[in-house]
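Spelled out, the chains give:
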Amino acid sequence: MITKEIKKRFPILDQEVNGHPLVYLDSAATSQKPDVVIEAVKRYYENDNSNVHRGVHTLGNRATDEYEGARQKVADFINASSVQEVIFTRGTTTSINIVAQSYGRANVSEGDEIVITMMEHHSNIIPWQQLAKETGATLKYVDLEDDGTLSLDKVRATITDKTKIVSVMYVSNVLGTKNPIKEIAEIAHRHGAVMVVDGAQAAPHLKVDVQDLDCDFFAFSGHKMCAPTGIGVLYGKKALLEDMEPVEFGGEMIDFVGLYESTWKELPWKFEGGTPIIAGAIGLGAAIDFLQELGLDNIDRHEKHLAAYAMEKMSEIDGLTIYGPADPDLRAGIVTFNLDGVHPHDVATVLDMNGIAVRAGHHCAQPLMKRLDATATARASFYVYNSEEDVDRLADGLRIAKEYFSDVIH
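**Q** What exactly am I supposed to notice about the sheet that holds strand E4 (residues 86–89) here?
**A** Pairing between sheet strands relies on hydrogen bonds along the backbone, with the strands arranged either parallel or antiparallel. Strand order in this open sheet of 7 strands is E4-E10-E9-E8-E7-E5-E6, and the pairing throughout is mixed. Only two strands of the sheet have a single neighbouring strand rather than two, namely E4 and strand E6 (138–142). The mean angle between the axes of side-by-side strands here comes to 20°, regardless of whether they run parallel or antiparallel. Examined bridge by bridge, strand E9 (residues 217–221) and strand E10 (residues 232–236) share 5 bridges and lie antiparallel to one another. Looking at the pairing, Phe-217 lines up with Gly-236 of E10.

Here's what the structure looks like:
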């Protein structure tokens, strides 16, 4: 069970903001870090700081063991069939770009198709836009249903035998929608396309099994799942990764270097040029231990409850629009909304004055904003350290904002 005691594990949450106890509701942007992750990174720098894979001294061996141990934890966490399928990157953006630049350039050509959806984050749009421009391929979008979900019938109608890549986010960072990735992967494979999954909003909250999903690539970031910033993961099926060329060249990823030719290390290191993000990987390993201790099923249940409770409380406020599926079973712990006549930035400012942190803006999803006929929205996103009391504070803050701007307008 997720309890109030969990909040005490996050030192940053024990503070006041603008004279009020902090309520942090921006975990979809970045999560806060528990004591065990902070201690793991601190311990590495205090005791084991050294480069990995290179030295034969004790510190180097300890650092390498911790770094590669974290890779094993990631492989187990997502049920990869081998640690060779786990590549450490800077984050989801870097991971998707590796797929676009390496696999995409080698396998997509003029007349081919790349399929994504209207709800994608910019990190899962721009790399494919660039690949389409470079290759002459066509970029196609699957439109959304009015409730913010994807229709598999529309997916089937959009993917064709010309489709080479299908790339879809597992959970929408705006709508909270949980997409049917396994079913979409099956459709993609039926047409000979590979399935890429943006798992940034899924890995922190849901039990992920890449073998069961049968996705070809899965990308996620550590900083949204209690780990440090600057560390992420690209999972890829081994056969695909073995055929792909690296996109970053230099030390660490090489096997042999001559004057005019070089060869690469085996997986996964051929994709990890330069000194890797050692402390970040160790922190990610500690975060995975922490999340598995809580239980991903428990986390999902807790957040689903908070989202349902928030939608219930917020629906009592006149003039407030909530975006995304009304059914809590179809969404993660994200509630995006607008207050009639008040810009989301103004709503977020009033909430901040009351110690409540939410996100406001286009959430790196401008095509989706246009589809929703909104220039911007406000977003509350929940995690393991949030409670019903936090939702009550949010609802009270929204009433204050509504009253304040009603007085200003009139």
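From this point, the narrative continues.
**Q** How should I be thinking about the sheet that holds strand E13 (residues 320–323) in this particular structure?
**A** A sheet is described by the order of its strands in space; here 4 strands give the open sequence E13-E14-E17-E16, paired in antiparallel fashion. A single partner strand is all that each edge strand has here, and the edge strands are E13 and strand E16 (359–361). The mean inter-strand angle of the sheet, taken between neighbouring strand axes irrespective of direction, is 30°. Direction of pairing for E13 relative to strand E14 (residues 334–339): antiparallel, over a ladder of 4 bridges. Opposite Ile-322, over in E14, you have Phe-337 as the bridge partner. Those strands touched by helix H10 (residues 296–314) are E13 and E14, and its axis lies near 15° from that of E14.

**Q** Honestly, the pattern of salt bridges in this entry has me stumped. Any pointers?
**A** Opposite charge on two side chains makes pairing possible when the charged atoms of those side chains draw close. Using the criterion set out here, one finds 25 salt bridges in the structure. Linking Lys-42 and Glu-46 is a salt bridge whose minimum nitrogen-to-oxygen distance equals 2.9 Å. Highlighted residues: Lys-42 and Glu-46, both in helix H1 (residues 35–48), separated by 4 residues, approximately one helical turn. Owing to a relative accessible area of 53%, Glu-46 belongs among the exposed residues under this scheme. Ionic pairing is found between Asp-48 and Arg-62, a salt bridge with its closest N-O pair at 2.6 Å. In this pair, Asp-48 is assigned in helix H1 and Arg-62 in helix H2 (residues 58–78), connecting sequence segments 14 residues apart. Each of Asp-26, Arg-359 and Arg-379 takes part in a single network of salt bridges with overlapping partners.

**Q** I'm lost on the environment of Ser-31 in this one. Help?
**A** Along the polypeptide, Ser-31 turns up in the loop between strand E3 (23–24) and H1. Among the residues examined, Ser-31 registers a relative accessible area of 1% and is labelled buried. Filtering out sequence-adjacent residues up to four positions away, Ser-31 remains in contact with His-223, Lys-224, Met-225, Cys-226, Tyr-383 and Tyr-385. A distance of 3.0 Å separates a polar side-chain atom of Ser-31 from the backbone oxygen of His-223.

**Q** Would you mind going over the packing of H1 against helix H9 (residues 278–294) with me for this structure?
**A** In the contact formed by H1 and H9, the axes pass within 8 Å of each other and the chain directions differ by 145°. As H1 runs across H9, the sense of the crossing is right-handed. Two secondary-structure elements touch here, H1 through Val-36, Val-37, Ala-40, Val-41, Tyr-44 and Tyr-45 and H9 through Ile-278, Ala-279, Ile-282, Gly-283, Ala-286, Ala-287 and Phe-290.

**Q** Hey, could you run me through the pairing of strand E17 (residues 377–381) in this one?
**A** Walk down a regular strand and you will see the side chains alternate between the two sheet faces. Counting buried positions along E17 yields 5 of 5 residues, so the element is predominantly enclosed. By the alternation rule, side chains of E17 split into Thr-377, Arg-379 and Ser-381 and Ala-378 and Ala-380, which are all buried. Where E14 meets E17, 4 bridges bridge the pair, whose relative direction is antiparallel. Across the sheet, Thr-336 pairs through a bridge with Arg-379, a residue of E17. The pairing of E16 with E17 spans 3 bridges and is antiparallel. Paired with Arg-359 across the bridge in E17 is Arg-379.

**Q** Got a minute to help me understand the packing of aromatic side chains in this structure?
**A** For any two aromatic rings, the description comes down to two numbers: the centre-to-centre distance and the angle of the planes. This model, assessed by the stated rule, comprises 11 aromatic pairs. Residues Phe-10 and Tyr-385 carry aromatic rings whose centres are separated by 4.7 Å and whose planes lie at 75° to one another, so their mutual orientation is edge-to-face. Of this pair, Phe-10 sits in the segment before strand E1 (16–17) while Tyr-385 sits in the loop between E17 and helix H13 (388–409), and the two are 375 residues apart along the sequence. For the pair shown, Phe-10 and Tyr-385 are each scored as buried. Seen in terms of ring centroids, Phe-218 and Phe-220 are 6.0 Å apart; in terms of plane orientation they differ by 65°. Their pairing is edge-to-face.

**Q** In this structure, what is going on with helix H4 (residues 126–135)? I would like to understand it.
**A** Three or four residues apart is the spacing at which side chains of an α-helix point the same way, because the helix has 3.6 residues per turn. Listed in full, the buried residues belonging to H4 are Pro-127, Trp-128, Leu-131, Ala-132 and Thr-135. Seen end-on, H4 carries its buried residues on one side only, within an arc spanning 135°. Summarising the contacts, the buried residues of H4 are in contact with helix H3 (92–107), strand E5 (113–117), E6, strand E7 (163–169) and strand E8 (194–198). Within two residues after H4, Gly-136 carries a phi angle of roughly 85°, on the positive side.

Rules behind the numbers
- Residues numbered from 1 in each chain as written.
- Predicted model: local features only at pLDDT ≥ 70, side-chain atom pairs only at ≥ 80, totals over all residues.
- Heavy atoms only, no water.
- Pairing = 2+ DSSP bridges.
- Helix = DSSP H or I, 4+ residues; strand = E, 2+ residues; numbered from the N terminus.
- Axes fitted to C-alpha atoms, helices over the stretch in contact; angles between N-to-C directions.
- Contact = heavy atoms within 4.5 Å.
- Salt bridge = Lys/Arg side-chain N within 4 Å of Asp/Glu carboxyl O.
- Buried < 20%, exposed > 50% of the residue type's maximum accessible area, 1.4 Å probe, protein only.
- Polar contact = N/O pair within 3.5 Å; in protein donor to acceptor, adjacent residues only side chain to side chain.
- Left-handed = near helix turned anticlockwise from the far one by under 90°.
- Phe/Tyr/Trp six-rings, centres within 6.5 Å; stacked < 30°, edge-to-face > 60°.
- Arc of directions from axis to C-beta.

So, to be careful, I would describe these as geometric facts and stop short of saying anything about function.
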